[in-house]
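# Topology and contacts: notes
Chain by chain, the residues:
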Amino acid sequence: MIDLYTWSTPNGRKISIMLEELGLPYRVHAIDITQGEEFTPEFLAINPNAKIPAIIDHDGPEGKPITLFESGAILIYLAEKSGRYLSTDPRTRYLTLQWLMFQMGGVGPMFGQAHHFLKFAPQPVPYAIERFTTETRRLYGVLDQRLSEAPYLAGEYSVADIATYPWVARCEWHGVNLADFPHVKDWFERISLRPAVAKGMAVPA
């Protein structure tokens, strides 16, 4: 059994989508970040960085529990645990990890900053809005070019797609119309039809 500590954010949804895709049993612990629950001593004992998601896999390596935070690390762990969505072929594996790191280092931080300054900043900050929305659109262009070459980021459906999808699902939050990026739009619509993705996006209820 896996305990999933999460909230309804793109990073949290990465892990619930992955768990649903794998069909692994898991329990959901909602950490309401709007109420500061990520700063409780109980959660800090799981993730000292006070961020969701985190997991405890009670059937970890050698049958012993393991605690993990950082969504990219969790995705890699679950992929290796299950033998799915991260190829063992070296070229495909590193291609997948490349696009996963692209999401972790680019898509997540930049889209997140665009979200913040467009929706949550207490007052408009024109420089920040311009900086982060411009970079967000550039990253969409990189995704669109890649998806004009292959149906999925690593050629086959993988942790790279699972990581990127929940961020693209909030395209309106960062001022992007998917019609401007037709290959991303097609990719997004195809992934949206996957039952496990729909279930994972609804966690926590």
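Residues numbered from 1 in each chain as written. Predicted model: local features only at pLDDT ≥ 70, side-chain atom pairs only at ≥ 80, totals over all residues. Heavy atoms only, no water.

## What about the packing of aromatic side chains?
Let me state the cut-off plainly: Pairing of aromatic side chains here covers Phe, Tyr and the six-membered ring of Trp, requires ring centres within 6.5 Å, and sorts the geometry by plane angle: under 30 degrees stacked, over 60 edge-to-face, intermediate tilted. By definition, any uninterrupted DSSP run of H or I lasting at least four residues is a helix, any uninterrupted run of E lasting at least two residues is a strand, and each is numbered from the N terminus. Burial status follows relative accessibility: with a 1.4 Å probe on protein chains alone, a residue under 20% of its type maximum counts as buried, one over 50% as exposed, and anything between as partly exposed.
If you walk through the whole model with that rule in mind, you get ten aromatic pairs. Between Phe117 and Phe132, the ring centres sit 5.8 Å apart and the planes meet at 5°, which makes this aromatic pair stacked. Linking Phe117 in helix H4 (residues 90–120) with Phe132 in helix H5 (residues 126–149), this pair joins segments that are 15 residues apart in sequence. Each member of the pair, Phe117 as well as Phe132, is classed as buried. Through a chain of ring-to-ring contacts, the aromatic side chains of Tyr85, Tyr152 and Tyr157 assemble into a single cluster.

## Regarding the side chain of Arg146
For Arg146, the position within the fold is in helix H5. You can call Arg146 buried: its relative accessible area is 14%.

## Side note on the layout of surface pockets
Quick note on the threshold: A 1.4 Å probe that fits into a set of points on a 1 Å grid over the protein atoms alone but cannot get out defines a cavity; an open set with protein on both sides within 12 Å along at least five of seven lines defines a pocket, and lining residues are those with an atom within 4 Å of a point. Grid points are joined across faces, edges and corners, and a volume is the space filled by probe spheres set on the points. Throughout this entry, Asp, Glu, Lys and Arg are counted as charged residues, while Ala, Val, Leu, Ile, Met, Phe, Trp, Tyr, Cys and Pro are counted as nonpolar. The remaining residues, Gly among them, count as polar.
In this structure, the largest pocket encloses a volume near 890 Å³. Lining the largest pocket are 31 residues, and of these Thr9, Asn11, Ile33, Lys51 and Trp167 sit closest to its centre. Taken together, the elements giving at least two residues each to the lining of the largest pocket come down to helix H1 (10–22) and H4. With nine residues, the top contributor of residues to the lining of the largest pocket is H4. Taken together, the residues of the lining of the largest pocket sort by class into 13 nonpolar, 13 polar and five charged.

## Brief notes about helix H7 (residues 182–192)
What counts, and what does not: Arc definition: it is the arc formed by the directions from the helix axis to the C-beta atoms. Should any heavy atoms of two residues lie within 4.5 Å, those residues are counted as being in contact.
The complete set of buried residues in H7 reads Val184, Trp187, Phe188 and Ile191. Looking down the long axis of H7, one finds its buried residues gathered within 100° of arc, a one-sided arrangement. Check the buried side of H7 and you find it contacts H5, helix H6 (159–168) and helix H8 (195–201).

## A look at the pairing of strand E1 (residues 2–6)
Across a regular strand the side chains alternate sides, sitting on one face of the sheet and then on the other. Note the threshold: Strands were regarded as paired on the criterion that DSSP finds at least two bridges between them.
Judged by how many residues are buried, E1 sits mostly within the fold: five of five residues are covered. Alternating residues of E1 divide into Ile2, Leu4 and Thr6 and Asp3 and Tyr5, and every residue in both groups is buried. When E1 meets strand E3 (residues 54–57), the two strands line up antiparallel, connected through four bridges. In the strand pairing of E3, Leu4 is matched with Ile55.

## Focus on the nonpolar core
Under the convention used in this document: What is meant by a nonpolar core is a set of buried Ala, Val, Leu, Ile, Met, Phe, Trp, Tyr and Cys residues, joined one to another through side-chain atoms within 4.5 Å.
Core analysis: the largest hydrophobic core is formed by 48 residues, its most contacted members being Met18, Ile55, Leu78, Tyr140, Val184 and Trp187. Those elements that provide at least two residues to this core are E1, H1, helix H3 (71–82), H4, H5, H6, H7 and H8. Ranked by residue count, the leading element in this core is H6, at seven residues. If near-sequence neighbours (up to four positions away) are discounted, Val184 is found in contact with Tyr140, Leu143, Asp144, Leu147, Val168 and Leu178.

## Observations concerning the packing of H4 against H5
Here is the rule we go by: Every axis in this analysis is a line fitted to C-alpha atoms, fitted for helices over the stretch in contact. Angles between the N-to-C directions lie between 0 and 180 degrees. For classification purposes, angles smaller than 35 degrees are called roughly parallel, those larger than 145 roughly antiparallel, those between 65 and 115 roughly perpendicular, and all remaining angles oblique. In this scheme, a crossing is called left-handed if the near helix is turned counterclockwise away from the far one by less than a right angle; it is called right-handed if the turn is clockwise.
With their axes 8 Å apart at the nearest point, H4 and H5 run at an angle of 150° to one another. Comparing the axis directions of H4 and H5 gives the class roughly antiparallel. Two packed elements cross with a definite hand, and for H4 against H5 that hand is left-handed. Of H5, the residues touching H4 (which contributes Leu95, Trp99, Phe102, Gly106, Val107, Met110, Phe111, Gln113, Ala114, Phe117 and Leu118) are Ala128, Ile129, Phe132, Thr133, Glu135, Thr136, Leu139, Tyr140, Val142, Leu143 and Arg146. The residue inventory of the contact of H4 with H5, partitioned by class, reads 16 nonpolar, four polar and two charged.

## A word on the sheet that holds strand E2 (residues 26–30)
Pairing is mixed in the open sheet, where four strands are placed in the order E2-E1-E3-E4. Looking along the sheet, the strands with just one partner apiece sit at the ends: E2 and strand E4 (66–69). Along the sheet, successive strands turn relative to each other by an average axial angle of 15°, direction set aside. Bridging between E1 and E2 involves five bridges; their strand directions are parallel. Opposite Asp3, over in E2, you have Arg27 as the bridge partner. Strands in contact with H1 are E1, E2 and E3; relative to E1, the strand with the most contacts, it is inclined by about 150°.

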